[in-house]
Amino acid sequence: MEAAPFTSSSSASASSLSSRSVTARSLSSSSSLLFRRNNIRNSYCKFKSPRNFSVRASGDSVVTLLDYGAGNVRSVRNAIRHLGFDIKDVQTPEDILKANRLIFPGVGAFAAAMDVLNKKGMAEALCTYIEKDRPFLGICLGLQLLFESSEENGPVNGLGLIPGVVGRFDSSNDFRVPHIGWNALQIKEDSKILDDIGNRHVYFVHSYRAMPSDANKEWVSSTCNYGVDFIASVRRGNVHAVQFHPEKSGDVGLSVLRRFLFPKSATMKKPIEGKASKLAKRVIACLDVRTNDKGDLVVTKGDQYDVREHTKENEVRNLGKPVELAGQYYKDGADEVSFLNITGFRDFPLGDLPMLQVLRYTSENVFVPLTVGGGIRDFTDANGRHYTSLEVASEYFRSGADKISIGSDAVYTAEEYLRTGVKTGKSSLELISRIYGNQAVVVSIDPRRVYLKNPNDVEFKAVRLTNPGPKEEEYAWYQCTVNGGREGRPIGAYELAKAVEELGAGEILLNCIDCDGQGKGFDIDLINLVSDAVSIPVIASSGAGSVKHFSDVFMETNASAALAAGIFHRKEVSIQSVKEHLLKEGIEVRI
Ligand code: 1PR
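Bear in mind the structure is a predicted one, so any value in this text is a computation, not a measurement.

**Student:** Could you give me a rundown of the packing of aromatic side chains, with the residues and numbers involved?
**Tutor:** Per the stated rule, a full pass over the model turns up 13 aromatic pairs. Both rings, one in F397 and one in Y436, keep their centres 4.2 Å apart while their planes meet at 35 degrees; by these two values the pair is tilted. Of this pair, F397 sits in helix 10 (residues 389-398) while Y436 sits in helix 12 (residues 428-436), and the two are 39 residues apart along the sequence. With relative accessibility at 9%, the residue Y436 sits in the buried group. With centroids separated by 5.7 Å and ring planes inclined at 80 degrees, the aromatic side chains of F522 and F550 adopt a geometry described as edge-to-face. A residue pair is termed long-range when its members are at least 10 positions apart, and F522 in the loop between strand 27 (507-510) and helix 14 (524-531) and F550 in helix 15 (residues 547-556) qualify at 28 residues. Grouping residues by exposure puts F522 and F550 together as buried. Joined through ring pairs, the aromatic side chains of F169, F175, F204, Y226, F230 and F244 make up one cluster. The ring of F169 is capped by R209, whose NZ or CZ atom sits 5.9 Å from the centre of that ring.

Written out as structure tokens, the structure is:
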């Protein structure tokens, strides 16, 4: 690694910072920044004077990107390129100081990010750059790092430019954590880069947040409500940071990036006005992907997980091309797109380069979150090379995934955890959520109903059914399966959901084999069983056949999102008509 050209404190924790050391003041220029920083964190940096650096502007169509390699920054890159800019990656602290405009899409955990910034000498360069009021845009963790410290695995000291401590959302008051989804902003007048949002939703995904206070009120350009009012964006002069993800907020998000990149350009057309007021219910399009018998990667769709046509040839159903369909669903208003590599349990996904290509191509033009699942587990290839699940997930993230979804491997992990009561810290679920944050880890559950006359006949949690079983059974438990529904396991959906939440899952994708492809509606009993058991968001999946099924699931359960496949692929119902129906029923959705 190249030696850092200046020293910076490698342990931000060495400083004992306190918000009490911050005195309120009302200064508006970069000098106030300098003043503030010296007061807040005068012991943080042991560095040479910024005057030692020569600041040389780089080309006008170039954006400097600070990517320290901890997650999916591909989407930010794609959004910047989409807006006509080239990207220069920061390699050394000088690259920061020479930047014409700098974007810092922080990803991963706070402590790990500060550690990298300190070790590479970049923390100090960032402070210097920001003090000079140079054009800066921090995204998500890139906002949080500007604060004094964070409670995430901490306390851990941040850059200390803005007074305040980043803390965790409280999930005890019925608000699911992580805060995942499309929420509304309360914007102040002088926000500049938010001027084209037009009261529409933007996409958040985080468990930690900074709170507005008297000490930081001159910074706060917008807030968002999620149980509490937290800071959604900050701005001083040319320095901006947003807690939400503009690169994942569709055309609204692109307008934020455009405003940052072209601060002087007038808006071409009046932005569409929305009525965003709170966290929207999400509508997700799911693409089950596999290689067909000709070797092409296709979107397929099963009935109760059977994806083959009932013909003599018995071929895999082909409902289209993954990249094209994902692009179409983005245009149609999908709030998220999920790819499930449904044969990942038997094929090695890193050998399945087409799937990685699908992600890469899709993320070039789809600016909403992408989830990918299938085959996330440890694997030894034919040459004896061992790949960890973390390597598999990392490759998916690098290729454009925002979240990964674990199926079979999470079942084995949960079984082991419930048997021993020990968190080994070595499972794919634990490892990936520790490195990438639990908001990036979905657990996909594939349960099947097992009907019961008496709920006490099993050790697993059973429910009283709304519609009795084939032999008039009044109860059922939901048995988890692995390998695409092929094998039932000794664990119920309720027990699995609770265990994986404790192990680090950030969200649950709740399928139902009985309902899959049937078009008769979601399994409301199952969704209530699981969503009432956990405090992380639950995505209801399997069985959508009409727009009413979406309003039913949102009115009768606490699901945060509803996912469908067949009706969208077969063009029976459009995403837009689902959203129009939900709006008519008084359910907030993103438009
Ligand atoms: O076990 O970690 O390799 O992950 C495999 C992943 O592939 C899991 O998420 C599992 O759900 C999925 N999967 C495996 N086999 C199938 C199959 O269909 N044969 N698909 C499969 C799961 C279910 C839904 C579907 C909804 C909505 N597909 O995602 O899209 O049921 O369908 P609908 O709206 O048409 O009813 P691992």
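**Student:** So, the sheet that holds strand 5 (residues 147-150): which residues are in play, and what are the values?
**Tutor:** The mixed open sheet is built from four strands, whose spatial order is 6-5-7-11. Across the chains shown, the open sheet's two edge strands, defined by having one partner strand only, are strand 6 (156-157) and strand 11 (208-209). Where strand 7 (residues 162-168) and strand 11 come together, two bridges link them in antiparallel fashion. Pairing of R168 across the sheet is with Y208, part of strand 11.

**Student:** Any details on the sheet that holds strand 13 (residues 228-236)? Residues and values, ideally.
**Tutor:** One open sheet accounts for eight strands, arranged 2-1-3-4-14-13-12-9; its pairing is mixed. Strands with a single pairing partner mark the edges of an open sheet, and in this sheet they are strand 2 (86-89) and strand 9 (186-187). The pairing of strand 9 with strand 12 (residues 220-226) spans two bridges and is classified as antiparallel. Residue pairing for strand 12: I187 is matched across the bridge by S222.

**Student:** Give me the lowdown on the environment of K217, citing residues and values where you can.
**Tutor:** Following the sequence through the fold, K217 ends up in the loop between strand 11 and strand 12. For K217, a relative accessible area of 47% corresponds to the partly exposed category. Sequence spacing of K217 and P163 is 54 residues, and the spatial spacing of their C-alpha atoms is 9.3 Å.

**Student:** Which residues make up the site of the ligand, and what values go with them?
**Tutor:** For the ligand, the set of nearby residues contains 25 residues, the closest of which are S408, S444, D446, D516 and S542. Interatomic distance of 2.9 Å between a backbone N/O atom of A565 and an oxygen atom of the ligand. Measuring from an oxygen atom of the ligand, one finds a backbone N or O atom of G566 at 2.9 Å. For the ligand, the accessible surface in isolation is 780 Å², of which the surrounding protein chains cover 98%. Contributions of two or more residues to the shell around the ligand are made by strand 15 (282-291) and strand 29 (561-564).

**Student:** Before we move on, could you go through the environment of P163 and cite the residues and values that matter?
**Tutor:** One can find P163 in strand 7. Along the chain, P163 and F147 lie 16 residues apart, while their C-alpha atoms are 5.9 Å from each other.

Parameters and conventions
- Residues numbered from 1 in each chain as written.
- Predicted model: local features only at pLDDT ≥ 70, side-chain atom pairs only at ≥ 80, totals over all residues.
- Heavy atoms only, no water.
- Phe/Tyr/Trp six-rings, centres within 6.5 Å; stacked < 30°, edge-to-face > 60°.
- Helix = DSSP H or I, 4+ residues; strand = E, 2+ residues; numbered from the N terminus.
- Buried < 20%, exposed > 50% of the residue type's maximum accessible area, 1.4 Å probe, protein only.
- Lys NZ or Arg CZ within 6 Å of the ring centre and 35° of its normal.
- Pairing = 2+ DSSP bridges.
- Near = heavy atom within 4 Å.
- Polar contact = N/O pair within 3.5 Å; in protein donor to acceptor, adjacent residues only side chain to side chain.
- Areas by Shrake-Rupley, 256 points an atom, 1.4 Å probe, with all protein chains shown as cover.

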